[in-house]
Amino acid sequence: MEDRLHMDNGLVPQKIMSVRLQDSTLKEVKDQASNKQAQILEPKPEPSLKIKPEQDGMEHVGRDDPKALGEEPKQRRGSASGSEPAGDSDRGGGPIEHYHLHLSSCHECLELENSTIESVKFASAENIPDLPYDYSSSLESVADETSPEREGRRVTLTGKAPNILLYVGSDSQEALGRFHEVRSVLADCVDIDSYVLYHLLEDSALRDPWTDNCLLLVIATRESIPEDLYQKFMAYLSQGGKVLGLSSSFTFGGFQVTSKGALRKTVQNLVFSKADQSEVKLSVLSSGCRYQEGPVQLSPGGLQGHLENDDKDRMIVHVPFGTHGGEAVLCQVHLELPPSSDIVQTPEDFNLLKSSNFRRYEVLREILTTLGLSCDMKQVPALTPLYLLSAAEEIRDPLMQWLGKHMDAEGEIKSSQLSLRFVSSYVSEVEITPSCIPVVTNMEAFSSENFNLEIYRQNLQTKQLGKVILFAEVTPTTMRLLDGLMFQTPQEMGLIAIAARQTQGKGRGGNAWLSPVGCALSTLLISIPLRSQLGQRIPFVQHLMSVAVVEAVRSIPKYQDINLRVKWPNDIYYSDLMKIGGVLVNSTLMGETFHILIGCGFNVTNSNPTICINDLVTEYNKQHKAELKPLRADYLIARVVTVLEKLIEEFQDKGPNSVLPLYYRYWVHSGQQVHLGSADGPKVSIVGLDDSGFLQVHQEGGEVVTVHPDGNSFDMLRNLILPKRR
């Protein structure tokens, strides 16, 4: 809950754990509860039911389009059917006494997370590493013949997530300042649409499974690195990891860091040799140390840098390691510091460094490129206004009447972090900020290359969901757009926020979500009665949304073999190799109703930074000599919302067993084995989901038990733990 959950007495919970009670303990708890006239709510088990995925009403979608499924229609069809309020089902049993848990913002009680969706996995389409488990489902080899050069697409052969982890030493204010310095210069060098920069703390570096999700490790601390952490870094290198050392004590391969006091905090001339053997000369700030080879010599790689002095002190070395492609570029000049740094002592030094600042970035980009990163720069786009759109004509007038009653005198609806100002038209002089966004209500003024309202209307076959659209070309995050509306709008209006691009997308546990053009980005508002099948099993919402994305694609006629799958708990994958999208669910219980924001993003047309659905379509056509058409984001968002509403109806009517067969058909975990606790823990086999949506595993002794994530944000399938028993 990230320190935002408070109990009535003001205490802040540090951890929430599931506890399995023995019968005697449970009886004691029940006896205590009876003194407070509380009743225990026990949902009845549901019979196992088989379902057949419903495709009726969707098979015609896009079938006759000449170029792409979801392509702009030549004429408009009739609108979707009218809205019908869903009746609240009460399947849970008798009343139960509730004790309030609320957020520290108390009066709002809705800001569980200001973000959507999780960082996509940056993976190659070829040379996929061996998987750590066996699987029984047939997996198409669409990626086997994919070329990294195809259509100019840049891919990484490591199969790692697009994470750059920054280790800056012990947890201190000085280290935090160093982190911001390093992060700032790297963000200026790499494409921020393709990489996410994280602060790697020492505890996390020792505990969490970061090595499998790290494209580059940057070490920028003069502190001595603890032996256990040093071994972790070397293990990462041995697995093919890439390391950049910036004025750090970290070294290996026979090289030693030796001090030379005369160089400390002085500006020196550096001669840097690039991979093509060309040289760059520049003024640099020295750390006061240099590299010397010890008794065990190892030939350095192509990059190197030495001072232009009598000793030709070696300041940059490029050292390969191991047999899996591991390598490091180690520097003893402050490439991470700007000329304005506090340790630059004189105006003359400042002038020298400033005149070499462009070449400093040239050297940094050469190093980062050699280590496998892309330094192609893209400008962050400016924010754009929102457009208020409706997918059904009959809902337009009630919507405008509702707005008239809820706007203030200035035409605004405000929440804790965002003001929406409703206007009939937009002029460019009006400033747009993350905290104040104009909303254009005149639909005739709307036009977008990235979202076609007619395509969305024709393919949205829902009773309630997704009827009212807030669309933006560029917005901070779609989830924040519904901040001030989620508790007020009538359910039949079915709010959804859609964006072509986000600038501040985030995900579970503070992870970032990359949002380039070509992603299908949306946040959907749904309401679920507490006393209903799904209301008693809210974790299933993320599973329903994940499978809705996959079913929305694979239920299109002839697209059933496009190998999209779901990965527990909230990811959409190509086979079990590469992540294509993810889901983030924020729920708030108000009275007897859950108000739920479902953030979802998946790659449709954007080949970078990972892989997209249309890549899979292209490869399928190539492999099977087929002619499947490319898909559109607006087309698929409408289909996803349609499928989700049907899945929710099935779940509310018949419980988990009505949707689990479809979920298991598409999930990647059949026969998968995982370790409990750590990489050295006991191995168990995943067998399915329990009644609350957590994983169930089969232990060697024959017992089937439920396991929970340990809270790390790198991979929820790593370090699984058993709930404590009492």
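See the structure shown above.
None of the values given here were measured: they were computed from a predicted structure.

The rules behind each value
- Residues numbered from 1 in each chain as written.
- Predicted model: local features only at pLDDT ≥ 70, side-chain atom pairs only at ≥ 80, totals over all residues.
- Heavy atoms only, no water.
- Helix = DSSP H or I, 4+ residues; strand = E, 2+ residues; numbered from the N terminus.
- Buried < 20%, exposed > 50% of the residue type's maximum accessible area, 1.4 Å probe, protein only.
- Contact = heavy atoms within 4.5 Å.
- Pairing = 2+ DSSP bridges.
- Axes fitted to C-alpha atoms, helices over the stretch in contact; angles between N-to-C directions.
- Expected span 1.5 Å × (residues − 1).
- Parallel < 35°, antiparallel > 145°, perpendicular 65-115°, else oblique.
- Left-handed = near helix turned anticlockwise from the far one by under 90°.
- Nonpolar A, V, L, I, M, F, W, Y, C, P; charged D, E, K, R; others polar.
- Salt bridge = Lys/Arg side-chain N within 4 Å of Asp/Glu carboxyl O.

*Asks:* Even after reading the chapter, I still don't get the environment of Arg314, so can you show me in this structure?
*Replies:* Looking at where Arg314 falls in the secondary structure, it is placed in strand β13 (residues 314-321). For Arg314, a relative accessible area of 28% translates into the label partly exposed. Excluding residues that lie within four positions of it along the chain, Arg314 makes contacts with Phe255, Arg290, Tyr291, Glu293, Gly305 and His306.

*Asks:* Please explain the sheet that holds strand β21 (residues 519-529) as it appears in this structure.
*Replies:* Read from one edge to the other, the open sheet built from eleven strands follows the order β16-β17-β18-β15-β19-β20-β21-β25-β24-β23-β22, with strand pairing classed as mixed. The sheet is open, and its two borders are formed by β16 (412-414) and β22 (564-567), each paired with just one other strand. Between one strand axis and the next, the sheet turns through 25° on average, direction left out of account. In this structure, strand β15 (residues 386-390) lies alongside strand β18 (residues 436-440), joined through two bridges in parallel fashion. Its bridge partner being in β18, Leu386 is matched across the sheet by Val439.

*Asks:* Help me out: how do you make sense of the sheet that holds strand β27 (residues 683-689) in this one?
*Replies:* Strand pairs in the sheet, formed through backbone hydrogen bonds, run parallel or antiparallel to each other. With respect to topology, four strands assemble into an open sheet ordered β26-β27-β28-β29, the strand pairing being antiparallel. Bordering the open sheet on either side are β26 (673-675) and β29 (704-707), each of which pairs with just one other strand. Adjacent strand axes in the sheet meet at a mean angle of 50° when their direction is disregarded. Both β27 and strand β28 (residues 695-698) contribute to a ladder of four bridges, which runs antiparallel. Each residue of the ladder has a partner; that of Ser685, found in β28, is His698.

*Asks:* Explain helix α10 (residues 540-554) here, please?
*Replies:* Since one α-helical turn is 3.6 residues long, residues separated by three or four positions face the same way. Counted at 1.5 Å a residue, the expected span for α10 with its 15 residues is 21 Å, and the 21 Å between its end C-alpha atoms agrees. With respect to burial, α10 is a largely interior element, 15 of its 15 residues being buried.

*Asks:* Can you help me understand the packing of α10 against helix α12 (residues 633-654) in this one?
*Replies:* When two helices pack together, their arrangement is given by the angle between the helix axes and the distance between those axes. One way to put it is that α10 packs onto α12 with a least axis distance of 8 Å and a crossing angle of 130°. Compared by their axis directions, α10 and α12 come out oblique. The interaxial crossing formed by α10 with α12 has right-handed handedness. The segment α10 lies against α12, with Phe540, Leu544, Met545, Val547, Ala548, Val549, Glu551, Ala552 and Val553 engaging Leu636, Arg639, Val640, Val643, Leu644, Leu647, Ile648 and Phe651. In terms of residue class, the contact of α10 with α12 is built from 15 nonpolar, no polar and two charged.

*Asks:* Could you clarify how one ought to interpret the pattern of salt bridges in this entry?
*Replies:* Opposite charge on two side chains lets them pair, provided their charged atoms get close. Scanning all chains against the criterion turns up 19 salt bridges. The salt bridge partner of Glu454 is Arg457, with a shortest N-O separation of 2.9 Å. With Glu454 and Arg457 both in helix α8 (residues 453-459) and three residues apart, the pair spans about one turn of that helix. Of the two residues, Glu454 and Arg457, both sit in the buried class. Residues Glu619 and Lys622 are paired through a salt bridge, measuring 3.3 Å at the closest nitrogen-oxygen approach. Remark: Lys622 and Glu619 occur in helix α11 (residues 613-624); sequence separation between them is three residues, near one turn of the helix. If you follow the salt bridges from partner to partner, you end up with Lys260, Arg290, Asp311 and Asp313 in one network.

Function-wise, these values are silent; they only describe arrangement.
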